[in-house]
Amino acid sequence: MLMKTLRLNNLNILLLLLLSFGCFMEVKGIQIKEDTTLKIDKIIIASEPDYPPYCFVDKNGNADGFSVELFIAAAKAVHMDVEIKIGIWNKIKQDLSEGTIDALPLVGRTSEREKFYDFTLPYLSLHGAVFVREGTTDILSIQDLENKNILVMKGDNAEEFLHRVKITKNIIQTYTYEEAFRRLASGEGDAILTQRVMGIKLIESLQLKTIVPLSFPVNEFRQDFCFAVKKGDTELLSRLNEGLSIVIANKTFDAIHLRWFGPVNQQRLTYFEVIKYVLYFLIPFVFLFSIVAIFFLRRTVRLRTNSLQQEIIEHQKTVNTLNSQQLLLSEMEKVTKVGGWEYDVATKKMVWTDGVYQIYGVSKKDYNPSEMNPEFKFYDKEDQEVVDFAFKQAIENGSSFDLNLRFKSADGKAKWIRTSAKPERKEEKIIRLIGNILDITEQKQSEEELLKLKNDLEIIVLERTKELHEKVLRLNKSQKAMLYMVEDLNTVTNELKLEREKLEASNKELEAFSYSVSHDLRAPLRGVLGFTQILMEEYAVKLDDEGKRICNIIKDNSVKMGQLIDDLLAFSRLNRYSMHSSEINIENMVISIYHETTEEEDRKRIELSIGQLKNAFGDTNLIKQVWINLLSNAIKFSSKKDVSKVVVSSYKENENLIYCIQDNGTGFDMKYADKLFGVFQRLHNERDFKGTGVGLAIVQRIIHRHGGKVWAESEVGKGASFYFSLPINGNNISLD
Amino acid sequence: MKNYDPIEILIVEDNPADSELMIRSLKKQGLLNELCLVEDGQAALDFIFCEGEYAHKNKNKIPKVVFLDLKLPKISGLEVLAAIKSHPDKKKIPVVVVTSSKEDPDIKAAYELGANSYVVKPVNFDDFVASIQEIGLFWLVLNQPPV
């Protein structure tokens, strides 16, 4: 509204000015026309690109605007064609002063410019305004511009004005006002000083919403706009003045003005116009008001409709719930065989639920419970009397009842029912009976069945108890038998124990015997040997050769007997020996035995080859004895050969390790193989091979105690192979 | 040699062959000490404790070493050994146990009772002589009894 008022004010002033000038110029224009020849047909002018709505560039790139159109019209009126160049203000101003162009369509007349240009009559008078960013509070009058940073177009009236009034030195020059507005909007400078109308137009077209004009007038910065020519170009000046006068006089000016600034308001409004304006305002207002009223009305109706619909839905829900509950009740009554009834004392009206009808076996259509149809008999005569009495008592005295009765439904089914009732009082008067009826036929049946079951069970329990008792008796007998058996067993065990003890005792006796035998046998032997020795040493001179030979025979026999006794002792000792098993490195054992039992001299003629010998599991001392015996046998029985060849090897067979000692000796006949391991068994005569015949018996006994076997293969003259096996994991070792 | 004790070796041996061989071997070695031979356990105890037949014997004269056979008539060698080693004064007499076999379980028992050494009577006479001489030499010459 403010903008509108301003524009109207400006236009009013303009109108008055134009009218006065118009009258004056009409006389003068005619004079000019008389002494002017049509020398210039075409002139060149220049227009600014951004001084709307006076001079600007349309979207096709052509110059347009009120001043441009007015200039063309004025030039045309005096028969001149116009060529329009576009250029920024400072440039075209320069162009004019240098004569490159002939005229400018829009130049504010100032004393500074009068030095360079000549001006036509002013056709427009505009006031300046200060533009600031929205929210600027410290500029309230022209004085507040002091020392502020003010944006102006270079060479514009505004710049000249600022220089003239010397209010600030901080002038920011721009090439166009568009630039000035954009820079102000982006935060540069404090204010723009320019034409109000043009400024507002620029804000609109640039859509700079943050820039606003200030309302105080800048009175000193009034601009009268004219066409301008180069200083001294009086000829063109007078023709333009003439043209201007013509367009004002023939209303072309008004037409152009109307087109650029709209209709000009008249000073006074007529009554009719007042009404018209009133109507203009009133009708839209009434219209708007109606729309708003209709909107609110419709809204209210809609809300009310909604709430009504909600109520309907709620109601429907309630009805549905009731229906489903009724259905549920009916279903429940059917399933549980229950029914409810209500008797109104005053109206004598009986109301049944579906469940009651169900139990009575009648339909609502056929039977009215209030009337007590006499053709239906539900109870026995006796029970009927009981029911009737109870009912009567309830109505008259208010006593409640609860009865179990035999019952016969309309469809002929015999049932048991339970019916109960409670009276309802109002002011001490019985007004209603509320009761229920329950089909307890199944319950009664169950009870009966249960009773029967209980009786059956009792019988079964009795029978079972009897059976159990018999079994217990039988068991007792068996137990006794068992006890006898155990007793027998104990006796046997004791006997066995005694036997064992005896055996152990005799074993000990035997041990003691063999020990004392070897012990006591040694003593005389020692005497024989000792005294023979004395004989040979101390009486050697008295003995002839035969005597000495005999002494030697006695000595040899005594030594041999001593050896026999020692071997026998060692053999019997094996039984007493308690074994301690561990892993044995057989290879190392064989090598060390070989070196212990042979002399360096012997080894020269012995060729011992040891294959890969697996480690065994057993008693080290005993296994060592085995190897001593077997190795020394192999060496002994091959000693007649030039070279004794002994091969020791081992291999795995099933769960056993087999060791083999092979020689190239004299061998034996396989028909004596079973005698090989007997005590004191010898297959060779004493002269060829010395020995007591106990070595292999010891070997067999040791291997048997380890859970293994021993055997031999041979052929006379072709050597012998002795084998023995030991369990791989050391199991089966006899520890006693 | 003024305080030379004439009874230095007691031999307890019931087998006359063994005792003769033992005495011979000791003499052969040059150990010309005074020897006393008894042939059963009772006699051995009587000799050591100066009782019975030996009641008149000088109680201060104790043998330097006793060769004790374990198998003896009347009282066994182990009983004799126990009696010697449990007596406060006599227990310091060195006792060498003489046995027929090194397998003899009585050797262990003898050591437990306090025997000082043992010697096996081997069948081979040479060996027997060698061990008797060795033992005798040790106990008679090298070993000084505790005072």
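Remember, predicted model here, so these are calculated numbers, not experimental data.

Caption draft 1: Up close: the overall build of chain B. If you tally the helices and strands in chain B, you get 5 helices and 5 strands. With the model as given, the accessible surface of chain B reaches about 7,300 Å², and the carbon-plus-sulfur share is 53%.

Caption draft 2: Spotlight on the overall build of chain A. For chain A, the helix and strand inventory stands at 17 helices and 25 strands. Taking all 736 residues of chain A together, the buried fraction comes to 35%. For chain A, the proportion of contacts with a sequence separation of at least 24, taken over those separated by at least 6, is 68%. When the accessible area of chain A is evaluated, it comes to approximately 45,000 Å², of which 56% is carbon and sulfur surface.

Caption draft 3: Looking closely at the nonpolar core. All names here are of chain A. If you look at the biggest cluster of nonpolar residues, it comprises 80 residues, and the most contacted ones within it are Tyr177, Phe181 and Leu193. Setting aside residues no more than four positions away along its own chain, Tyr177 makes contact with Asp50, Tyr51, Val152, Met153, Asp156, Ala158, Ile192, Leu193, Thr194, Met198 and Leu202. Ranked by size, the runner-up nonpolar core spans 41 residues in total, among them Leu630, Ala697, Ile698 and Ile702.

Caption draft 4: View of the pattern of salt bridges. All names here are of chain A. Per the counting criterion, the structure on display carries 34 salt bridges over all chains. Taking the shortest distance from any N to any O, the salt bridge between Glu69 and Arg259 comes out at 1.7 Å. On the criterion of sequence distance, the pair formed by Glu69 in helix H2 (residues 66-77) and Arg259 in helix H8 (residues 252-261) is long-range, its members being 190 residues apart. Across the pair Glu331 and Lys334 runs a salt bridge whose closest N-O atoms are separated by 3.7 Å.

Caption draft 5: Representation of the packing of helix H13 (residues 545-576) of chain A against helix H17 (residues 695-705) of chain A. All names here are of chain A. Between H13 and H17, whose axes approach to 10 Å, the crossing angle comes to 5°. One element, H13, and the other, H17, form an angle in the roughly parallel class. The residues of H17 that touch H13, namely those facing Phe571, Leu574 and Asn575, are Ala697, Ile698, Arg701, Ile702 and Arg705. Looking at the contact of H13 with H17, its residues break down into 5 nonpolar, 1 polar and 2 charged.

Caption draft 6: Examining the sheet that holds strand S22 (residues 644-653) of chain A more closely. All names here are of chain A. Reading across the sheet, the 5 strands line up as S20-S22-S23-S25-S24 and stay open at both edges, with mixed pairing between neighbours. The open sheet has two edge strands with one neighbour each: strand S20 (606-610) and strand S24 (710-714). Adjacent strand axes in the sheet meet at a mean angle of 15°, parallel and antiparallel pairs treated alike. Pairing of strand S23 (residues 656-663) with strand S25 (residues 720-727) involves 7 bridges; the strand directions are antiparallel. Across the sheet, residue Tyr659 finds its bridge partner in S25, namely Phe724.

Caption draft 7: Summary view of the packing of aromatic side chains. Residues and elements named next belong to chain A. Scanning the entire structure with this criterion turns up 30 aromatic pairs over all chains. Ring centres 6.3 Å apart and planes at 65° place the aromatic pair Tyr51 and Tyr177 in the edge-to-face group. You can see Tyr51 sitting in strand S2 (residues 50-51) and its partner Tyr177 sitting in helix H5 (residues 177-185), a full 126 residues away along the chain. For the pair formed by Tyr51 and Tyr177, the shared burial category is buried. Centre to centre, the rings of Tyr360 and Phe378 are 4.5 Å apart; their planes meet at 75°, and the pair counts as edge-to-face. Separated by 18 residues along the polypeptide, Tyr360 in helix H10 (residues 354-360) and Phe378 in the loop between H10 and helix H11 (381-397) bring together distant segments of the chain. Using a relative accessible area of 10% as the deciding quantity, one classes Tyr360 as buried.

Caption draft 8: Here's a closer look at the confidence of the model for chain B. Residues and elements named next belong to chain B. Model confidence for chain B is summarised by a mean pLDDT of 79, while 78% of its residues fall at 70 or above. Taken element by element, chain B is modelled with least confidence in helix H5 (residues 125-142), mean pLDDT 69, and with most confidence in helix H3 (residues 77-85), mean pLDDT 92. Within the model, pLDDT remains below 50 along residues 1-5, and this stretch shows 5 contacts once partners closer than five positions in the same chain are excluded.

Caption draft 9: The arrangement of the pairing of S22 of chain A in detail. All names here are of chain A. As paired elements, S20 and S22 share 5 bridges and run parallel to each other. When the sheet's bridge partners are listed, Leu608 is paired in S22 with Val646. Linking S22 back to S23 in an antiparallel pair, the connection comprises 2 residues, with Asn654 at a positive phi of about 55°.

Caption draft 10: How the structure looks around helix H3 (residues 89-98) of chain A. Listing the buried residues of H3 of chain A in full gives Trp89, Ile92, Lys93, Asp95 and Leu96 of chain A. Down the axis, H3 of chain A shows its buried residues gathered within 155° of arc, on one side only.

Caption draft 11: Geometry of the sheet that holds S2 of chain A. Residue and element names in this part refer to chain A. Read across the open sheet, the 3 strands follow the order S2-S3-S4; overall the sheet is antiparallel. Two strands close off the open sheet at either side, each with one partner strand: S2 and strand S4 (63-64). Summarising the sheet, strand S3 (residues 55-57) and S4 pair through 2 bridges and their orientation is antiparallel. Bridging from a neighbouring strand, Phe56 pairs with Asp64 of S4.

Caption draft 12: Summary view of helix H6 (residues 196-206) of chain A. Counting buried residues in H6 of chain A gives 8 out of 11 residues, a clear majority hidden from the surface. Taken together, the buried positions of H6 of chain A are occupied by Arg196, Val197, Met198, Gly199, Ile200, Leu202, Ile203 and Leu206 of chain A.

Caption draft 13: The arrangement of the packing of H2 of chain A against helix H7 (residues 234-249) of chain A in detail. Residue and element names in this part refer to chain A. Between H2 and H7, the shortest axis-to-axis distance is 7 Å and the interhelical angle comes to 100°. Considered as vectors, H2 and H7 are oriented roughly perpendicular to each other. In this structure, H2 uses Leu70, Phe71, Ala73, Ala74 and Ala77 to contact H7, whose residues at the interface are Leu240, Gly243, Leu244, Ile246 and Val247. Taken together, the residues that form the contact of H2 with H7 break down as 9 nonpolar, 1 polar and no charged.

Caption draft 14: Quick look at the confidence of the model for chain A. Counting all residues, the mean pLDDT for chain A is 84, and 91% of those residues have values of 70 or more. Contacts for the low-pLDDT stretch residues 1-38 of chain A, under 50 throughout, to residues beyond four places or in other chains number 37 contacts.

Caption draft 15: Quick look at the layout of surface pockets. Residues and elements named next belong to chain A. Its boundaries defined by the atoms lining it, the largest pocket holds a volume of some 1,200 Å³. Surrounding the largest pocket, 48 residues form its lining, Asn629, Asn633, Val694, Gly695 and Leu696 being those nearest its centre. Counting residues per element, the ones that place at least two in the lining of the largest pocket are H13, helix H16 (620-637), S23, H17 and S25. Counting residues per element, the lining of the largest pocket draws most heavily on H16, which supplies 12 residues. For the lining of the largest pocket, the class distribution of residues is 22 nonpolar, 18 polar and 8 charged.

Caption draft 16: View of unusual backbone geometry. In this model, Pro52 of chain A is joined to Pro53 of chain A through a cis peptide bond whose omega is -5°. Mapping Pro53 of chain A onto the fold places it in the loop between S2 and S3. For Lys166 of chain A, which is not glycine, the phi dihedral falls at a positive 50°. When its relative accessible area of 69% is taken as the criterion, Lys166 of chain A is described as exposed. Unusually for a residue other than glycine, Lys74 of chain B sits at a positive phi of about 65°.

Caption draft 17: Seen up close, the side chain of Thr194 of chain A. Tracing the sequence through the fold places Thr194 of chain A in strand S11 (residues 191-195). Those residues within four positions of Thr194 of chain A in sequence are excluded, and the remaining contacts are Tyr51, Gly128, Ala129, Phe131, Tyr177, Phe181, Gly199 and Phe221 of chain A.

Caption draft 18: Structural view of a nonpolar patch on the surface. A cluster of nonpolar side chains, namely Tyr271, Val274, Ile275, Val278, Leu279, Leu282, Ile283, Phe285, Val286 and Phe289 of chain A, defines an oily patch on the protein surface of about 990 Å² accessible area. Classification of Val274 of chain A by relative accessible area gives partly exposed; the value is 36%.

What counts and what doesn't
- Residues numbered from 1 in each chain as written.
- Chains lettered and ligands numbered in written order.
- Predicted model: local features only at pLDDT ≥ 70, side-chain atom pairs only at ≥ 80, totals over all residues.
- Heavy atoms only, no water.
- Helix = DSSP H or I, 4+ residues; strand = E, 2+ residues; numbered from the N terminus.
- Areas by Shrake-Rupley, 256 points an atom, 1.4 Å probe, with all protein chains shown as cover.
- Buried < 20%, exposed > 50% of the residue type's maximum accessible area, 1.4 Å probe, protein only.
- Contact = heavy atoms within 4.5 Å.
- Core = buried A, V, L, I, M, F, W, Y, C linked by side-chain atoms within 4.5 Å.
- Salt bridge = Lys/Arg side-chain N within 4 Å of Asp/Glu carboxyl O.
- Axes fitted to C-alpha atoms, helices over the stretch in contact; angles between N-to-C directions.
- Parallel < 35°, antiparallel > 145°, perpendicular 65-115°, else oblique.
- Nonpolar A, V, L, I, M, F, W, Y, C, P; charged D, E, K, R; others polar.
- Pairing = 2+ DSSP bridges.
- Phe/Tyr/Trp six-rings, centres within 6.5 Å; stacked < 30°, edge-to-face > 60°.
- pLDDT = per-residue confidence, 0-100.
- Arc of directions from axis to C-beta.
- 1 Å grid on protein atoms, 1.4 Å probe; cavity = no way out; pocket = protein on both sides within 12 Å on 5 of 7 lines; lining within 4 Å.
- Points joined across faces, edges and corners; volume = space filled by probe spheres on them.
- Patch = residues over 30% accessible without salt bridge, like charges linked within 9 Å, V, L, I, M, F, W, Y side chains within 5 Å.

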